[in-house]
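Given next are the chains, with one letter for each unit.
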Amino acid sequence: MKKLFFLVAFATTTMAIMATNPVITSMPSLTISPDAHASGMGDIGAATRPDMTSQHWNAAKYAFMGDVMDSRGGFVASYTPWLRELVGDIDLAYLCGFYRFDDLQAISASFTYFSMGKVQLTDFNGMQYAEAHPNEWALDVAYSRKLHEYVSMAATLRFMYSDLNNGVNLSSMTSVNAEMYPAWTMAADISLYYRQPIDIPMGESQFALGFTLSNLGGKMSYDKGNTSNFIPANMRLGVSYELPFDDYNRLMMSVECNKMLVPTFQSKYASNTETQTYTNEEFSKVSSPKGWWQSFADAPGYYYTDSKTGNQKLVNGTKEEFQEVVWGAGLEYSYDRKFFARAGYSHENYYKGNRRYVTLGAGFALSIVRLDVSYCIAVAASNPLNNTMRFTLGFDLAGIKDLVNNEK
């Protein structure tokens, strides 16, 4: 029973463990970094060098894949054992692939599957009466194209589905009608990527900017429309610089920030004089487009106790809005574009979830296969992301084709 309640809470919040005014969404699994490459750099990827897992971070990068690998396409599979500090059977699986038609345009797709393990449902007397296997999944496809020698753009269409109880009737668990049903919706991403070479004495460096608006779509309902929940719409902005030391050694530095485009449940945007709390019915009636705009200026502010003086202090709404921004920084050292070492840091404000962690990663790439791993070390106490590992295995279609031809 405890696990079921945890999973329901996970499906309607963004795991803001210590948040004062949490940002509430359905499908929070879409905010999880699915690949070991970006995770090794602090969960950032909007402006980093294009790679086969760019679909989650910035699909516009696929239009520049010809600059980093001499191949028409490739695909990757990634696995993440999730929240092992809390439970032992939650997993995230990710498949992603791309194909370049030419030097200007590419198509890509990905499939994300989030399993919440096995849940034994019990009645008021503690008797088990059913077993559920909650899960969420999303399928998307993107088209990217260069608009200029240094600029590309992509559009992504995504279908998402969330099933928290496999159709098992939950009304017998509580004194009120708690029936839940699978929820689904459609969403879209818009991505921009700017990548320009800069000649320096050591060789050709690369400067890049990345911007994405992701999960812009309808809301999800688990009770056939009586209430609705926002999906994790997000705005992400990043910058990176790749510095060559010689023909073999390179260092990429990147900084990124992102903000959820979801309104705060704790206050009404229309109230300018006092904090008012939404009812579930009122919050359900806020449309997605209104919620996106509202998310920039609806934080109500809050009081906290100063640890030194013991006095109550006020954080105003403007400051709280900036506290909702999560930022990260990462480094990647590469030798001959074949061996990689990575490190990064991700920071979330103490009052907005306190998810702060250092990440480490490594990888190697051959003509056919590429393997990446990453490891998360929590900085904040009681962080359920601590000791999270990710594994990503990628395959180059050109390398596979060459192998098949050689065997013939």
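Residues numbered from 1 in each chain as written. Predicted model: local features only at pLDDT ≥ 70, side-chain atom pairs only at ≥ 80, totals over all residues. Heavy atoms only, no water.

Things to note about the environment of Gly394
You can see Gly394 is positioned in strand E18 (residues 389-396). Residue classification places Gly394 among the buried residues on the basis of a relative accessible area of 2%. Residues Gly394 and Ile368 lie 26 residues apart in sequence; the distance between their C-alpha atoms is 8.3 Å. Not counting residues up to four positions away in its chain, the partners in contact with Gly394 are Met52, Phe75, Val76, Ile368, Val369 and Arg370. (Helix = DSSP H or I, 4+ residues; strand = E, 2+ residues; numbered from the N terminus. Buried < 20%, exposed > 50% of the residue type's maximum accessible area, 1.4 Å probe, protein only. Contact = heavy atoms within 4.5 Å.)

Some details on a nonpolar patch on the surface
A contiguous nonpolar surface patch, about 920 Å² in accessible area, is contributed by Phe75, Tyr99, Phe101, Ile107, Val141, Tyr143, Leu157, Trp184, Met186 and Leu397. At the level of elements, strand E6 (135-146) and strand E8 (183-200) are the ones that each hand at least two residues to the nonpolar patch. Structurally, Ile107 is set in strand E3 (residues 105-115). (Patch = residues over 30% accessible without salt bridge, like charges linked within 9 Å, V, L, I, M, F, W, Y side chains within 5 Å. Areas by Shrake-Rupley, 256 points an atom, 1.4 Å probe, with all protein chains shown as cover. Salt bridge = Lys/Arg side-chain N within 4 Å of Asp/Glu carboxyl O.)

Points about the confidence of the model for the chain
This prediction gives the chain a mean pLDDT of 84; 83% of its residues lie at or above 70. Note on residues 11-17: pLDDT is under 50 here. Beyond four places in sequence and across chains, it has 28 contacts. (pLDDT = per-residue confidence, 0-100.)

Digging into the nonpolar core
One finds Trp82, Phe114, Met160, Met220 and Leu385 to be the most contacted residues of the largest nonpolar core, which totals 22 residues. Residues within four places of Met160 in sequence aside, it is in contact with Met27, Leu30, Trp137, Ala138, Ala183, Trp184, Thr185, Ala187, Asn215, Met220 and Ile231. Formed by 16 residues, the second largest nonpolar core is a distinct cluster that contains Met65, Tyr94, Phe98 and Ala154. (Core = buried A, V, L, I, M, F, W, Y, C linked by side-chain atoms within 4.5 Å.)

Quick look at the pairing of strand E17 (residues 369-378)
Pairing between strand E16 (residues 357-365) and E17: 9 bridges, direction antiparallel. The residue bridging Phe364 from the neighbouring strand is Leu371, located in E17. Linking E16 to E17, which pair antiparallel, is a turn of 3 residues. (Pairing = 2+ DSSP bridges.)

Comments concerning unusual backbone geometry
In this structure, Met27 is a non-glycine residue whose phi angle is positive, near 50°. With respect to the helices and strands, the residue Met27 is situated in the loop between helix H1 (2-12) and helix H2 (36-39). Classification of Met27 by relative accessible area gives buried; the value is 1%. Of note, the phi angle at Asn387 is positive, near 70°, even though the residue is not glycine.

Focus: the layout of surface pockets
Volume-wise, the largest pocket comes out at about 550 Å³. Lining the largest pocket are 27 residues, and of these Val68, Met69, Arg337, Ala365 and Arg370 sit closest to its centre. Going through the elements one at a time, E17 and E18 are the ones with two or more residues in the lining of the largest pocket. When residues in the lining of the largest pocket are grouped by element, the largest group, 4 residues, is from E18. Of the residues belonging to the lining of the largest pocket, the class tally is 13 nonpolar, 5 polar and 9 charged. (1 Å grid on protein atoms, 1.4 Å probe; cavity = no way out; pocket = protein on both sides within 12 Å on 5 of 7 lines; lining within 4 Å. Points joined across faces, edges and corners; volume = space filled by probe spheres on them. Nonpolar A, V, L, I, M, F, W, Y, C, P; charged D, E, K, R; others polar.)

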